[in-house]
Amino acid sequence: MASVQPQPVPDGTVLDLRGVLEGLVSSRRIEQRTAEEIIMAPRGTDRAHLHPLQVVALHEIEDLARPGRILDIDALTEWLGEWAGQPVYHIDPLKINVAAVTAVMSYAFAQRHKILAVEVRKDEVFIVSAQPFLDNWEEGLGQVVRKQITRMVANPADIHRFTIEFYRLSESVSGATADDARDKGKGTGNFEQLLQLGDLKAPDANDQHIVNIVDWLLQYAFQQRASDIHLEPRRDSGRVRFRIDGVLHQVYDFPAQVMTAVTARLKILGRMDLAEKRRPQDGRLKTRSPEGNEVELRLSTLPTAFGEKMVMRIFDPEVLLKTSAELGFGSEDYQRWLQIVNQPNGIILVTGPTGSGKTTTLYSTLKSLATPEVNLCTIEDPIEMVEPAFNQMQVQHNIDLTFAAGVRALLRQDPDIIMVGEIRDLETAEMAVQAALTGHVVFSTLHTNDAPSAITRLLEIGVAPYLVKSAVAGIMAQRLVRTLCPHCKTEGEVRSEDWEMLVRPWSAAVPKKVMVPVGCLECRDTGYLGRAGLFEILPMSETIGEMIHDDPDIAELRRVAYKEGMHTLRLSGAYRVAAGETTIEEVLRVTPSVQVKSKKR
């Protein structure tokens, strides 16, 4: 049944439930009988404050214009925009300049008229509302802001939620800034203040405004699926950015002194030295997400020209429970990985740059191995996530508890499996080799481009070739690629030259179709939603072992590894492209090119 335009509504009309239902009936989106059932349905006190669109959405009615689909709040908002002749605006908080939009009108005015400014330009301001026929506020606001007002329709639930969030944040920032202004000129205080450049006193880290800002910042990051929070001081302000699916998004600009207080508040929560601002520091804190799940954050500060920069890495404990499919393993790769990790002894290395998912893979694998019959011990710098099934120890450089010293101590703890956070030097490598040769399974990480390069890296550190050959059980390199948004991806053309670059040096048929990103509300118009792993797994075979000497030919080593069944990171990515999960451009962005031609001697 095709949808038709409902009857126009006079300006100044307040939409109530009956009016919305009449409009839906006249536009042939629902039947008259359905409308009468909704009118007669009892409405509890908890629904009394809801917008009519929200009430209709709660009934989950089938949309007659879209058979098989229900009239959810997004579909109803689109319908209301069409009825009112106003464009629909989807509020993405990451793209809103909160300071600018909250300056357009007071919170009381926004609440009274159920409107919200969402974008401010030089001569124009965009206002969203879920009462598109009400205009009693428009003329007066236009005279105050002296800009053209462009009206748009938005989800009423979003308007209510973000009006509260935006103005609460703005009030906290303004309050903290006002406190700072009142404190200027007062006498010097504690040692912390003496470390600051100039004579400006930051707002107190325990001030209620700062507490509110930090609470908002953390909850907001959890809601947006951020993996990292960056607090970056600048000359006159402080920038907040979130890393989501591997890409940084700018979120907010705080006044400089507010940023200082926010950083101080987080240092207090992370049990870091508040007075020390000249040295990098590390800390951690545990909190809860809006859903009530425990979340751990690793804090790191860095002194910069304009103050302390802080990065908070967010670790979701649920990562420990990820299955092989959730990690991104294909069936063949997973079998090769199991073949390595189930060996009775040996060093198992996971390689890749920072942010490539090494921690997730290691913790998930260790979690599956940590049975009651096994003593699993780790030495980390720092401990990424606390897991009761592990015996975890943290590196303490100030008391000479290094990786090597930690492994030496762990060997006296009757371990079965040892995880060393990273092999950085010869001493740590030699202790890992000793542990492997005495019957232990040792997991660790290295920073190399691919799996075969890990062998040459160990040799460069100073490990003897015969020890590498006998101690290393297997190596896995990995990367993370953004996966296509399932809500909007569509079929596209594939250029043969791009595919050739991806699968080289193999000859693989160009797929008949590939999926390409489009962009929608779910993925913030990026076309990508979430990430998955690409893996390059190299078991230590007899043939590979024979090639390890003082100056191994890395290209020839790769060629033999490929012949024995190892897939390159790019070939692993090609399978995902062919399966419609990601794009050629994304795989080429994160994976290194490889050379397989043997060098001439």
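Note that the coordinates shown come from a computational prediction; the quantities given were computed from them, not determined experimentally.

Caption draft 1: Main features of the overall build of the chain. A tally of helices and strands in the chain yields 23 helices and 18 strands. Burial status across the chain gives 52% buried among its 601 residues. By sequence separation, contacts in the chain at least 24 residues apart represent 65% of the contacts at least 6 residues apart. A total accessible area of about 28,800 Å² is found for the chain, and carbon and sulfur atoms account for 49% of it. Counting 68 positive and 81 negative side-chain charges, the chain places the averaged centre of each group 3 Å from the other.

Caption draft 2: Focus on a negative patch on the surface. A contiguous patch of negative charge, built from Asp72, Asp74, Glu78, Glu82 and Glu522, is present on the exposed surface. For Glu82, the position within the fold is in helix α4 (residues 73-84). Its relative accessible area of 48% is what places Glu82 among the partly exposed residues.

Caption draft 3: Fine view of helix α7 (residues 138-145). Restricting attention to buried positions, one finds in α7 the residues Leu141, Gly142 and Val145. In an axial view of α7, the angular spread of the buried residues amounts to 105°, which keeps them on one side of the axis. Counted as exposed and oriented over 90 degrees from the buried face of α7: Glu139, Gln143 and Val144. Elements in contact with the buried residues of α7: α6 (107-113), β2 (124-129) and β3 (148-153). Of the residues flanking the end of α7, it is Arg146, one or two places downstream, whose phi is positive at about 55°.

Caption draft 4: Geometry of the packing of aromatic side chains. Scanning all chains against the criterion turns up twelve aromatic pairs. Look at Phe162 and Phe166: their rings are 5.4 Å apart centre to centre, the planes differ by 25°, and that puts the pair in the stacked class. Of the two residues, Phe162 and Phe166 both sit in helix α8 (residues 156-183), four residues apart, roughly one turn of that helix. Assessed through its relative accessible area of 3%, Phe162 is described here as buried. Residue classification places Phe166 among the buried positions, given a relative accessible area of 4%. When the centroid spacing of 6.0 Å and the interplanar angle of 45° are considered together, the rings of Tyr363 and Phe390 count as tilted. Of this pair, Tyr363 sits in helix α14 (residues 358-369) while Phe390 sits in the loop between β11 (376-380) and β12 (391-394), and the two are 27 residues apart along the sequence. In this structure Tyr363 comes out as buried when scored by relative accessible area, which is 1%. Each residue in the set Trp216, Tyr220, Phe242, Tyr252 and Phe254 is aromatic and connected to the rest through ring pairs, giving one cluster. We note Arg482 situated over the ring of Tyr528; from NZ or CZ to the ring centre the distance is 4.2 Å.

Caption draft 5: Representation of the pairing of β11 within the structure. Among the five residues that make up β11, five are buried, leaving the element largely enclosed by the rest of the structure. For β11 and strand β13 (residues 417-420), the ladder comprises four bridges, and the chain directions are parallel. Directly across from Cys377, in β13, lies its bridge partner Ile418. Bridge count between β11 and β12: four bridges; the pairing is parallel. Bridging across to β12, Cys377 finds its partner in Asn391.

Caption draft 6: Inspection of the packing of helix α19 (residues 496-503) against helix α22 (residues 569-578) at higher detail. Interaxial distance between α19 and α22 falls to 8 Å at its minimum, and their mutual angle equals 135°. Overall, the two elements α19 and α22 adopt an arrangement that is oblique. Together, Trp499, Met501, Leu502 and Val503 of α19 and Arg570, Leu571, Ala574, Val577 and Ala578 of α22 make up the contact between the two elements. Grouping the amino acids of the contact of α19 with α22 by side-chain chemistry returns eight nonpolar, no polar and one charged.

Caption draft 7: Focus on the side chain of Glu536. Inspection of the secondary structure assignment puts Glu536 in strand β18 (residues 528-539). Of the side chains bearing the opposite charge, Arg558 lies closest to the buried Glu536, which forms no salt bridge; the N-O distance is 6.2 Å. Side-chain polar atoms of Glu536 contact the backbone nitrogen of Ala451, separated by 2.8 Å. One polar contact links the side chain of Glu536 to the main-chain amide nitrogen of Leu569, over a distance of 3.2 Å.

Caption draft 8: Here's a closer look at the environment of Gln343. Among the secondary structure elements, Gln343 is positioned in the loop between α13 (331-341) and β10 (346-351). Setting aside residues up to four positions removed in sequence, Gln343 forms contacts with Val441 and Ala473.

Caption draft 9: Just the pattern of salt bridges, in detail. Under the defined criterion, the tally for this structure stands at 31 salt bridges. Taking the shortest distance from any N to any O, the salt bridge between Glu460 and Arg457 comes out at 4.0 Å. Taken together, the positions of Glu460 and Arg457, both in helix α17 (residues 451-461) and three residues apart, correspond to about one turn of that helix. We classify Glu460 as exposed; its relative accessible area is 59%. Here Lys513 and Glu491 are joined by a salt bridge, their closest N and O atoms 3.4 Å apart. Here Lys513, found in the loop between α19 and β17 (514-516), pairs with Glu491, found in strand β16 (residues 490-492); they are 22 residues apart in sequence, far enough to count as distant. Each of the salt bridges in this network shares a partner with another, and the network as a whole consists of Arg29, Asp63 and Arg66.

Caption draft 10: Structural view of the pairing of β18. In terms of burial, β18 is largely enclosed, as ten of its twelve residues are buried. Where strand β15 (residues 472-484) and β18 come together, ten bridges link them in antiparallel fashion. Across the sheet, residue Ala477 finds its bridge partner in β18, namely Glu536.

Caption draft 11: Just the confidence of the model for the chain, in detail. Overall, the predicted model of the chain reaches an average pLDDT of 86, with 91% of residues at or above 70. Contacts of residues 184-202 to residues separated by more than four positions or lying in other chains number 23 contacts, the stretch itself having pLDDT below 50.

Caption draft 12: Highlighting the sheet that holds β2. Judged by pairing direction, the sheet is mixed, and its three strands sit side by side in the order β1-β2-β3 without closing on themselves. The sheet terminates laterally at β1 (115-120) and β3, the two strands that pair on one side only. This sheet shows a mean twist of 30° between the axes of neighbouring strands, independent of strand direction. When β2 meets β3, the two strands line up parallel, connected through six bridges. Residue pairing for β3: Val125 is matched across the bridge by Ile149. Sitting on the sheet, α7 touches β2 and β3, and the angle it makes with β3 is about 135°.

Caption draft 13: Just the sheet that holds β13, in detail. Taking strand neighbours across the sheet as the criterion, the seven strands line up as β12-β11-β13-β14-β10-β15-β18 in an open arrangement whose pairing is mixed. This sheet does not close on itself; its edge strands, each paired only once, are β12 and β18. Averaged over all neighbouring strand pairs, the angle between strand axes comes to 20°, with direction disregarded. Along the sheet, α22 contacts β15 and β18; its crossing angle with β18, the most-contacted strand, is approximately 135°.

What counts, and at which threshold
- Residues numbered from 1 in each chain as written.
- Predicted model: local features only at pLDDT ≥ 70, side-chain atom pairs only at ≥ 80, totals over all residues.
- Heavy atoms only, no water.
- Helix = DSSP H or I, 4+ residues; strand = E, 2+ residues; numbered from the N terminus.
- Buried < 20%, exposed > 50% of the residue type's maximum accessible area, 1.4 Å probe, protein only.
- Contact = heavy atoms within 4.5 Å.
- Areas by Shrake-Rupley, 256 points an atom, 1.4 Å probe, with all protein chains shown as cover.
- Lys, Arg positive; Asp, Glu negative; His and termini not counted.
- Charge placed at Lys NZ, Arg CZ, Asp CG, Glu CD.
- Patch = residues over 30% accessible without salt bridge, like charges linked within 9 Å, V, L, I, M, F, W, Y side chains within 5 Å.
- Salt bridge = Lys/Arg side-chain N within 4 Å of Asp/Glu carboxyl O.
- Arc of directions from axis to C-beta.
- Phe/Tyr/Trp six-rings, centres within 6.5 Å; stacked < 30°, edge-to-face > 60°.
- Lys NZ or Arg CZ within 6 Å of the ring centre and 35° of its normal.
- Pairing = 2+ DSSP bridges.
- Axes fitted to C-alpha atoms, helices over the stretch in contact; angles between N-to-C directions.
- Parallel < 35°, antiparallel > 145°, perpendicular 65-115°, else oblique.
- Nonpolar A, V, L, I, M, F, W, Y, C, P; charged D, E, K, R; others polar.
- Polar contact = N/O pair within 3.5 Å; in protein donor to acceptor, adjacent residues only side chain to side chain.
- pLDDT = per-residue confidence, 0-100.

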